[in-house]
Amino acid sequence: MKKIMYFILLAAELFVGTLFMISLWDSSLYIPIAISVVSLIALLTWQIIMFVKATDISAKKKIKIRIALFMLTPIAVFMATYVIVGIAFVVAFALEGF
């Protein structure tokens, strides 16, 4: 039962992260997408290799938690990008006016 819930969690994180990356793509913000994808692939590859090599059950549990947290990377990149864009717009309108 725990494995099913874990895979549902990973699938939900992947789905929501994909939606946020599509939103960035539609806004023509390609650099944050590239940073997010490259970092996610690197981190997940590293953790999957460690998971395969691990023999201790508690170590595997910690690695699975880290994998779930790393899957939040696209969501964090999306939030950070839009906060930075929002601050840039506020500063631009405050300095230049309408």
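Quantities reported herein were computed from a predicted structural model and do not represent experimental measurements.

With reference to specific residues and values, describe the side chain of Ser-36.
For Ser-36, the position within the fold is in helix α2 (residues 30–53). The contacts of Ser-36, once residues within four sequence positions are left out, are Met-21, Thr-73, Pro-74 and Val-77.

Residues and numbers for the packing of helix α1 (residues 2–26) against helix α3 (residues 57–70), please.
Packing of α1 against α3 leaves a shortest axis separation of 9 Å and a crossing angle of 25°. The angle between α1 and α3 falls in the class roughly parallel. Considering the relative orientation of α1 and α3, their crossing is left-handed. Contacts between α1 and α3 involve Tyr-6, Leu-9, Leu-10 and Glu-13 from the first element and Lys-64, Ile-67 and Ala-68 from the second.

Calculation notes
- Residues numbered from 1 in each chain as written.
- Predicted model: local features only at pLDDT ≥ 70, side-chain atom pairs only at ≥ 80, totals over all residues.
- Heavy atoms only, no water.
- Helix = DSSP H or I, 4+ residues; strand = E, 2+ residues; numbered from the N terminus.
- Contact = heavy atoms within 4.5 Å.
- Axes fitted to C-alpha atoms, helices over the stretch in contact; angles between N-to-C directions.
- Parallel < 35°, antiparallel > 145°, perpendicular 65-115°, else oblique.
- Left-handed = near helix turned anticlockwise from the far one by under 90°.

Interpretation in functional terms is not warranted from these geometric data alone.
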